[in-house]
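Descriptive analysis of the structure
Letter by letter, the chains look like this.
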Amino acid sequence: MKFMNLNKRIEMMDSKARYNKSNINMGRKRSRKLIFLRVFIILSFLFVAIYLPIRGVYSGSRSMVASAKAIQAAAKNENLDDIRKNLEEMKKSAGGMNMSLNFLFWLRIIPFVGGYYADAKHFAKAAEYELDAAKVIADSLDPYKNELGFTGQPTPGQDRVAQLVKILDKVLPQIDKVEPQLKKAREEVKSIDVNKYPQTLGGIRLKSRIDTARNFIIGAHYAVTEAKPALEIAPSALGEPIAKNYLIIFQNDKELRATGGFMTAYAYLKLDKGRVSSSSSDDIYRLDEKLLSVCLSKICPLDPPLPIVKYLPEATGKQREAWSMRDSNLSPDLPTSMRDFEKMYQMLGEGLPFDGIIMIDTHVVEELIKITGPVEVFGTTYSAELDKRCNCPNVIYELENYAQIVQKGEKDRKAILGTLMQQILARSLGSSTDKMPEFINSGVKLAIAKNVMFYLHDSKAQDAFSKLNWTGEIKGFKGDYLHINDSNFAGGKSNLYVTEEVSLDINLEKGKVKNKLTINYKNPQKYSTWLNGRNRDYVRIYVPQGAKLLDSKGSDVPVTTIEKELGKTVFESFIEIRPQNSRVLSFEYELPSTFSDKEYPILIQKQPGTKDFKYEIKINGKSKEKFELNADKELILPI
């Protein structure tokens, strides 16, 4: 009996063991299924959330690049039908890429990566808006494609500006239609910080490309809004229907003067229905030689202004007795200086055989050569490569060397400016269409930075450029104001190396405003016979009219006050900055009026031709703004 009970117990235990084993096996099978299911779900998620969107972004970007290249080829061949077809394809690709990016929304929460994802999203959306606008423009040109020559036969380089004039005439009525799309595109990219990107990536100039794309998108909206008056006068300014003649004056910003540099050379430029030609060019001393010859036989009212008498002696050291054309740009207000220049020019007896004056400096030549590549003139190559003779771009050294030859008065000196600019212009007009955004971007930046300025006789054209702040004017402003103006009087080419750091401490107390302005000048470079010597700097500080000077330090001469000039009060001083040395100049002054207790408005105007000097603005000792002054800057500071 006991034996039977034992057998039953064993059988029951064995059965239970088999049952448990079965349960374990079933559990393991279920566990494996769950693991497989989880892996499948995760892989499916990764496939849907990562692989497919990334593949879509990659595919969309490749399609966009292919369409962009097709559009460039069509534009080069001037085939409007192909441009329109590929614009449509590119828009579809941009839409697909944007949709794929939407599935990667979770990337926004990942540190570091999130910022780049947001930029990609902004650019993709902006591209859709820009392409919408481009399609409207392209469609509007379709009825005129035969007239404009958009039938598959490329226009020669010399006729491209003329063609542009015709295109502008057809496009202007469409501007209001595309403005909303261009505005949306601008809003997408305006907050993108280009500085976080590396200069190069995989051999590609990444930062400059992103900067060009961003500025081009922002500039497109600026062109159809703020710059619309300039677009409207463009055909007339480009010689349609009546030819225009312009005097191009080259300012050497490495020998800084009030309007941007010593006026070294000039050239005559003719625009006839967009066709460009240069009749002649020479150095500025030739004009002064003509003026001297004329003034030997008649009385010329050329008494030099007091600053030239005091600070700009003849090469012999003798005090100047006459005012020359090369020194006529004494006023920091370009229209004022150009009126003085034209008074002298008219003494030559030729009237004014030009419709306006365009001022350019070395930055213009340097920036354009970066895009066009090296240019050879009279056996000399001008390039953007670093030149060890000056630790500066080669084109800058060669231009300064040319300026030195001119100042020496060597009889065999060649007038290179006109030939050089004509070569650059020919290269620019003949360049491939993919470089056009770079040219446009550089041109606008140079104008905003006052490396290019316009003084036109046509009042409508001048007003249009004035609204863009491309005319070098000292502006009126309701609020605080600052403009520092340096003139290198017989100090060689030392502005190539001299830098400035500016601090403005605004002190508000008991309804009064007292400012302390400090300028730290530095020249870290070694002495060079003609390239880097003592910088003899005639310094003028323009502040709100009625300001009272309380104290000043650092000037080599007593500071004088001009109560009213160009609607401002001016503090005049003079210093010398030697190579491998520094100087500090400071002014304390009280403003004539108070401002709101909530905000403090101030306009700081950049001197043409200067580098992007560092500025810091303080209120009652507390830093409010730090920036590099690369253009005029209007601030509304919280108090």
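The text that follows walks through the structure, step by step, so that each part is easy to find. (Residues numbered from 1 in each chain as written. Predicted model: local features only at pLDDT ≥ 70, side-chain atom pairs only at ≥ 80, totals over all residues. Heavy atoms only, no water.)

Regarding the packing of helix α3 (residues 113-141) against helix α6 (residues 175-189)
- Two elements in contact, α3 and α6, have axes whose closest approach is 8 Å; the angle formed by their N-to-C orientations is 165°. Classified by the angle between their axes, α3 and α6 sit roughly antiparallel to one another. Between α3 and α6 lies a crossing whose hand is left-handed. Contacts between α3 and α6 involve His 122, Phe 123, Lys 125, Ala 126, Tyr 129, Glu 130, Asp 132, Ala 133, Val 136 and Ile 137 from the former and Lys 177, Val 178, Gln 181, Leu 182, Lys 184, Ala 185, Glu 188 and Val 189 from the latter.
- Classifying every residue of the contact of α3 with α6 by side-chain character gives 10 nonpolar, 2 polar and 6 charged. (Axes fitted to C-alpha atoms, helices over the stretch in contact; angles between N-to-C directions. Helix = DSSP H or I, 4+ residues; strand = E, 2+ residues; numbered from the N terminus. Parallel < 35°, antiparallel > 145°, perpendicular 65-115°, else oblique. Left-handed = near helix turned anticlockwise from the far one by under 90°. Contact = heavy atoms within 4.5 Å. Nonpolar A, V, L, I, M, F, W, Y, C, P; charged D, E, K, R; others polar.)

Notes on the sheet that holds strand β10 (residues 480-488)
- An order of β15-β16-β13-β10-β18-β21 is seen for the 6 strands of this open sheet, with the pairing classed as mixed. Since the sheet does not close on itself, it has two edges, and those belong to β15 (560-565) and β21 (633-638), each with one partner. Taking each pair of neighbouring strands and ignoring which way they run, the sheet shows an average axis angle of 25°.
- Relative to strand β16 (residues 568-577), strand β13 (residues 535-544) is paired through 10 bridges, and the arrangement is antiparallel. Bridging from a neighbouring strand, Arg 536 pairs with Glu 576 of β16. (Pairing = 2+ DSSP bridges.)

Considering the packing of aromatic side chains
- Per the counting criterion, the structure on display carries 15 aromatic pairs.
- Their ring planes at 85° and their centres at 5.2 Å tell us that Tyr 345 and Phe 354 sit as a pair that is edge-to-face.
- For Tyr 345, a relative accessible area of 0% corresponds to the buried category.
- Look at Phe 465 and Trp 470: their rings are 5.9 Å apart centre to centre, the planes differ by 25°, and that puts the pair in the stacked class.
- Lying over the aromatic face of Tyr 144, Lys 170 brings its terminal NZ or CZ to 4.5 Å of the ring centre. (Phe/Tyr/Trp six-rings, centres within 6.5 Å; stacked < 30°, edge-to-face > 60°. Buried < 20%, exposed > 50% of the residue type's maximum accessible area, 1.4 Å probe, protein only. Lys NZ or Arg CZ within 6 Å of the ring centre and 35° of its normal.)

A short note on helix α8 (residues 228-237)
- Residues of α8 that are buried include every one of Ala 230, Ile 233, Ala 234, Pro 235 and Ala 237, and no others.
- The inward-facing, buried residues of α8 contact α5 (160-171), β1 (244-252), β2 (262-272) and α16 (459-467).
- Directly beyond the C-terminal end of α8, a positive phi value near 90° is found at Gly 239.

Some remarks on the environment of Leu 531
- Residue position: Leu 531 is located in the loop between β12 (512-523) and β13.
- Classification of Leu 531 as buried rests on a relative accessible area of 3%.
- Distance in space between the C-alpha atoms of Leu 531 and Lys 254 is 9.2 Å, their sequence separation being 277 residues.
- Discounting chain neighbours no more than four positions away, the residues touching Leu 531 are Arg 389, Cys 390, Glu 400, Lys 493, Ser 494, Leu 496 and Tyr 497.

Describing the pattern of salt bridges
- Enumeration over the complete set of coordinates arrives at 31 salt bridges.
- Salt-bridge contacts for Arg 84 lead to Asp 142; the nearest nitrogen and oxygen are separated by 3.1 Å. Placement of the pair is Arg 84 in helix α2 (residues 80-102) and Asp 142 in the loop between α3 and α4 (145-148), with a sequence separation of 58 residues.
- Arg 84 gets classed as partly exposed once you look at its relative accessible area, which sits at 28%.
- On the basis of relative accessibility, which here comes to 24%, the residue Asp 142 falls in the partly exposed class.
- Across the pair Lys 450 and Asp 632 runs a salt bridge whose closest N-O atoms are separated by 2.8 Å. (Salt bridge = Lys/Arg side-chain N within 4 Å of Asp/Glu carboxyl O.)

Observations concerning helix α15 (residues 436-448)
- Spanning 13 residues, α15 covers 18 Å between terminal C-alpha atoms, matching the ideal 18 Å at 1.5 Å per step.
- For α15, every residue scored as buried is listed here: Phe 439, Asn 441, Ser 442, Leu 446 and Ala 447.
- At the C-terminal side of α15, Lys 450 shows a positive phi close to 70°. (Expected span 1.5 Å × (residues − 1).)

Some thoughts on the sheet that holds β12
- In space, the 6 strands of this open sheet follow the order β14-β17-β12-β11-β19-β20, with mixed pairing throughout. Looking at strand neighbours, the two that pair on one side only are β14 (548-553) and β20 (622-629), the edges of this open sheet. With strand direction ignored, the average angle separating the axes of adjacent strands in the sheet is 15°.
- Taken together, the 7 bridges between strand β19 (residues 613-619) and β20 define a ladder with antiparallel strand orientation. Along β20, the bridge assignment pairs Ile 619 with Lys 622.

Remarks on the packing of α3 against helix α7 (residues 206-224)
- Their axes nearest at 12 Å, the elements α3 and α7 cross at an angle of 45°. Our classification of the angle between α3 and α7 gives oblique. As α3 packs across α7, the resulting crossing turns out to be left-handed. Contacts from Phe 123, Ala 126 and Glu 130 in α3 reach Ile 210, Ala 213, Arg 214, Ile 217 and Ala 220 in α7.
- Residue composition of the contact of α3 with α7, by class: 6 nonpolar, no polar and 2 charged.

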